[in-house]
Protein chains: 2
Amino acid sequence: MGILTVERKLLEKNDIVAQELRASFKSHETFVLNMVSSPGSGKTSLVEATIRALHRKTRIGVIEGDVQTDLDAQRIAALNVPVVQIVTHGACHLEAPLVRDAYKQLFHLDLDILIIENVGNLVCPSSYDLGEDLKVVVASTTEGDDKPLKYPAMFRQAKVLVINKIDLIPYVKCSLETLRANALAINPSLRIFETSCTTLEGISSWCEWILSQGARRTTSG
Amino acid sequence: MGILTVERKLLEKNDIVAQELRASFKSHETFVLNMVSSPGSGKTSLVEATIRALHRKTRIGVIEGDVQTDLDAQRIAALNVPVVQIVTHGACHLEAPLVRDAYKQLFHLDLDILIIENVGNLVCPSSYDLGEDLKVVVASTTEGDDKPLKYPAMFRQAKVLVINKIDLIPYVKCSLETLRANALAINPSLRIFETSCTTLEGISSWCEWILSQGARRTTSG
């Protein structure tokens, strides 16, 4: 039945659109993060905290990906930043053509930073390039410290790991040291941040890093 | 390219094998649970707690599904119950043919209860029948109370919802009432249990229910 051929052609088509998107992001000097994680790791809370810290200093916009509902886009819109919701109606990841359609509503804004919040899924989104500068994998302490070993592709594809919900460490079976070691065993060059969106610990380091990356994009663009 | 045709044929092939499995489970009077959830919801901890409560009263076995590693099978094997690990090597869900192969190592045991722990993924496993009696979706309180609305297919396919990690309620933004209401809005006939694998609250109700279902299978078999 040629399943592998079909899969390869789908990925090739995705990659062509992703390259177009990458060129468009570059021409607008927009630094683009593709945020990936399990459902409920706190991606949206992290995006909210990031917007609160950065939106006065920089033009920031968001594309939300969800299987169903626009609940996340409503949360972001409440912060008065531009947001477009993609509802995948069952599909388990974002693909570049969906992002291209969503970006049509944002490109005229000349954003400095675009955050794409992918569908909550620690497997499938790892295979799909969305034209981003880099993937950020968010892992919450409540998920345990073994996830990099069990879902290695995502940690291999990501350039950055945000360990979120560090305020819950006293209450859960998760060693930060083991989680970091497991992640670095899969991907030794991962840059790691540790955050809590409840206490805001670590948010300023994370946001300073985003700003520095965005500034680098502007200078080199 | 006939993508939909290919997908439909794959699902049809899965369903044929799933029906064979269902007949085999029935002939052995084995009650089969397909446990699905996000990564890190505590499925394996719940399976461990279930085994500890039940393994002296009943013949119980486990099939573990993971993208990578046999860490979960090692945890189950330490409890001295039969376990087979399926490593999907990147695939985001279990399919019936994989379960058929794994079950070849278990069917001679005439199990009363077989627990299939699916890959941690709140999207893709919802589409795949594994011949189980029912799907159990596990949602941890740390994931928030909006997940049934955002990932409705899984909550629609499941007969049972286990709300896990209820000991963490004081520390997270999750209303049990809202989570229950959201789940029942998607699937009004969901049976709901609330558990903590740390305090063991709710584990006995959950295990009594499994035993009652297993017994019904044996009587009607």
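Structure first, text after, so check above.
Nothing here was measured: the structure is a model prediction, and the numbers come from that model.

With reference to specific residues and values, describe the interface of chain B and chain A.
In this assembly, 35 residues from chain B lie in contact with 35 residues from chain A. Counting each side, the surface lost to burial between chain B and chain A is near 2,900 Å², with a carbon and sulfur contribution of 67%. Our enumeration of links across chain B and chain A arrives at 4 salt bridges. Note that Lys150(B) is salt-bridged to Asp72(A), the shortest N-O span being 2.8 Å. Inspection of the chain B/chain A interface yields 9 residue pairs in polar contact (both at pLDDT 80 or more). For the side of chain B that touches chain A, the elements supplying multiple residues, two or more each, are helix H1 (3-27), helix H3 (71-77) and helix H5 (147-150) of chain B. The dominant element in the side of chain B that touches chain A, judged by the number of residues it contributes, is H1(B), at 4 residues. The residue makeup of the side of chain B that touches chain A, split by class, is 19 nonpolar, 8 polar and 8 charged.

Please provide a residue-by-residue account of the sheet that holds strand S4 (residues 113-117) of chain B, values included.
Note: strands within a sheet are paired through backbone hydrogen bonds, in either parallel or antiparallel orientation. Residues and elements named next belong to chain B. Strand order in the open sheet formed by 7 strands is S3-S2-S4-S1-S5-S6-S7, with parallel pairing between adjacent strands. Each end of this open sheet is capped by a strand with a single partner; those strands are strand S3 (83-87) and strand S7 (191-194). Taken pair by pair, the neighbouring strands of this sheet meet at an average axis angle of 20°, ignoring direction. As paired strands, strand S5 (residues 134-140) and strand S6 (residues 160-164) are joined by 5 bridges and run parallel to one another. In the sheet register, serine 140 faces S6, and the bridge partner there is asparagine 164. Sitting on the sheet, helix H4 (residues 96-103) is in contact with strand S2 (60-66), S3 and S4, with an inclination near 145° to S3.

Outline the relation of the copies chain B and chain A, supporting the account with residue identities and numerical values.
The transform that puts chain B on chain A rotates by 180° and translates by 0.0 Å along the axis, for an RMSD of 0.0 Å. What we have between these two chains is a two-fold relation. Mapped onto chain A, 100% of the interface residues of chain B are again interface residues, and the two copies thus contact each other with one and the same surface.

Reading guide: rules and limits
- Residues numbered from 1 in each chain as written.
- Chains lettered and ligands numbered in written order.
- Predicted model: local features only at pLDDT ≥ 70, side-chain atom pairs only at ≥ 80, totals over all residues.
- Heavy atoms only, no water.
- Contact = heavy atoms within 4.5 Å.
- Buried area = accessible area lost by both parts, 1.4 Å probe.
- Salt bridge = Lys/Arg side-chain N within 4 Å of Asp/Glu carboxyl O.
- Polar contact = N/O pair within 3.5 Å; in protein donor to acceptor, adjacent residues only side chain to side chain.
- Helix = DSSP H or I, 4+ residues; strand = E, 2+ residues; numbered from the N terminus.
- Nonpolar A, V, L, I, M, F, W, Y, C, P; charged D, E, K, R; others polar.
- Pairing = 2+ DSSP bridges.
- Axes fitted to C-alpha atoms, helices over the stretch in contact; angles between N-to-C directions.
- Least-squares fit on C-alpha atoms with pLDDT ≥ 70 in both.

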